[in-house]
Amino acid sequence: MGGAIRREEASGSRASKVLSDFQHKALPGRRITPEEAQQFSQLPLTVGADGLLSEIDHLMEQGVTVDTIYIDLLAPAARRMGELWEEDQCDFVDVTMGLWRLQEVLHEISSRTPSRSALLEPGARRAMFLPMPGDQHFLGPQMLEDVFARSGWDTLVMTKPLRRDVLNLLSNTRFDLVGLTLSRDCPSAAVKSIIRAVRSVSRNEHISILVGGHMINQNPALVAEVGADGTGADARSALEVAEALVQSAKVRAQTLK
């Protein structure tokens, strides 16, 4: 940790330049462009959470929505952290610190949301979000949980789930949807196993299951292979797919009565 702090201090001039470049490109009245997202993705390596929040607040003052911040800035930045690690351009400490800063930013933005109970719709659909057990990357599930909650869903996120805890909760509480993220490669048989277990213990026999993350984006055919119901390229599309899946499940349930 100390080494990471020293590296951050030593790169102060580089961080200032990156901040300046990004602020110059984030012109008022425009949607965030891929170029701006790429510029922002460099910041978590050298800029603290407060600095990231300052840039995000600047964009939100221009009318950029929270969903756009999540989908067009934070999610690509998190993906870039993973790519830098895979390409051996950053060490583990740098990437870990970058992801931690993004998580702090997400937590701060989420904390500004009005009381979750005030956002719940009558008869709100209930969703659980979690990374594949054993996966240490939980920014994706947290982002999904916040997007769904602000859309009126009753949500729960499990950041470090144990398989037995997930299944126990599903057997005791009725959920309409489970969202499972797969940010690292793992055997498709393992994913298929947990999905099969979720369906077998769920109090809702028509539960819908979404899968997403790096592993699915690399091979969309895995959605059908592991027995999931659908996927979304980002949180916004995941919400749209989830709405359709849950509505379809309700129709099936009523038809079978």
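Residues numbered from 1 in each chain as written. Predicted model: local features only at pLDDT ≥ 70, side-chain atom pairs only at ≥ 80, totals over all residues. Heavy atoms only, no water.

A. Representation of the overall build of the chain in the model. Along the backbone of the chain there are 13 helices and four strands. Considering only residue pairs separated by 6 or more positions, the chain has 74% of its internal contacts joining residues 24 or more positions apart. Per element, the accessible surface of the chain, about 13000 Å² overall, is 53% carbon and sulfur. (Helix = DSSP H or I, 4+ residues; strand = E, 2+ residues; numbered from the N terminus. Contact = heavy atoms within 4.5 Å. Areas by Shrake-Rupley, 256 points an atom, 1.4 Å probe, with all protein chains shown as cover.)

B. Inspection of the pairing of strand β3 (residues 177–181) at higher detail. With five of five residues buried, β3 is to be regarded as a mostly interior element. Here β3 shows two buried faces, one formed by Leu 177, Gly 179 and Thr 181 and the other by Val 178 and Leu 180. Judged from the five bridges that link them, strand β1 (residues 126–131) and β3 form a sheet pairing that is parallel. The residue of β3 that forms the bridge with Pro 131 is Thr 181. Considered for its hand, the β-α-β crossover made up of β3, helix α10 (residues 188–201) and strand β4 (residues 208–212) is right-handed. (Buried < 20%, exposed > 50% of the residue type's maximum accessible area, 1.4 Å probe, protein only. Pairing = 2+ DSSP bridges. Right-handed = clockwise from strand over helix to strand, strands pointing away.)

C. Main features of the sheet that holds β3. One open sheet accounts for four strands, arranged β2-β1-β3-β4; its pairing is parallel. The two strands at the open ends of the sheet, each matched to only one other strand, are β2 (154–157) and β4. In this sheet, neighbouring strand axes are inclined to one another by 15° on average, regardless of whether the strands run parallel or antiparallel. Sheet topology places β1 next to β2; four bridges connect them, and they run parallel. For Met 128, the partnering residue across the bridge sits in β2 and is Leu 156. Against the sheet, helix α8 (residues 139–149) contacts β1, β2 and β3, and its axis sits at roughly 170° relative to β2. (Axes fitted to C-alpha atoms, helices over the stretch in contact; angles between N-to-C directions.)

D. How the structure looks around the pattern of salt bridges. Going through the model one piece at a time under the given rule, you end up with nine salt bridges. Taking the shortest distance from any N to any O, the salt bridge between Glu 83 and Arg 80 comes out at 3.1 Å. Highlighted residues: Glu 83 and Arg 80, both in helix α5 (residues 66–86), separated by three residues, approximately one helical turn. For Arg 80, a relative accessible area of 24% corresponds to the partly exposed category. Residues participating in the shared-partner salt-bridge network are Asp 57, Glu 108 and Arg 112. (Salt bridge = Lys/Arg side-chain N within 4 Å of Asp/Glu carboxyl O.)

E. Region of interest: the environment of Ala 77. Examined against the element boundaries, Ala 77 turns out to sit in helix α5. Sequence spacing of Ala 77 and Leu 43 is 34 residues, and the spatial spacing of their C-alpha atoms is 8.5 Å. Sequence-distant contacts of Ala 77, defined by excluding residues within four places in its chain, comprise Phe 40, Ser 41, Pro 44 and Leu 102.

F. The arrangement of a nonpolar patch on the surface in detail. Taken together, the side chains of Trp 85, Phe 92 and Val 93 present a nonpolar region at the surface, about 310 Å² in accessible area. By secondary structure assignment, the location of Trp 85 is in helix α5. Note on Trp 85: relative accessible area 44%, which makes it partly exposed. (Patch = residues over 30% accessible without salt bridge, like charges linked within 9 Å, V, L, I, M, F, W, Y side chains within 5 Å.)

G. Molecular detail of the nonpolar core. Ranked by internal contacts, the top residues of the largest apolar core, which has 42 residues, are Phe 40, Ile 69, Tyr 70, Leu 74, Ile 109 and Leu 177. Sorting the residues of this core by element identifies α4 (49–61), α5, α6 (92–111), β1, α8 and α13 (235–256) as the ones contributing at least two each. With ten residues, the single largest contributor to this core is α5. With sequence-adjacent residues up to four places away left out, Leu 177 is seen in contact with Arg 126, Ala 127, Met 128, Phe 129, Phe 148, Trp 153, Ile 207, Ser 208, Ile 209, Leu 210, Ala 242 and Val 246. (Core = buried A, V, L, I, M, F, W, Y, C linked by side-chain atoms within 4.5 Å.)

H. Representation of the environment of Pro 133 within the structure. Along the polypeptide, Pro 133 turns up in the loop between β1 and α8. Among the residues examined, Pro 133 registers a relative accessible area of 23% and is labelled partly exposed. Spatially, the C-alpha atom of Pro 133 lies 5.5 Å from that of Pro 161, the residues being 28 residues apart in sequence. Non-local contacts of Pro 133, meaning those with residues more than four positions away in its chain, are made with Pro 161, Arg 163, Arg 184 and Ile 194.

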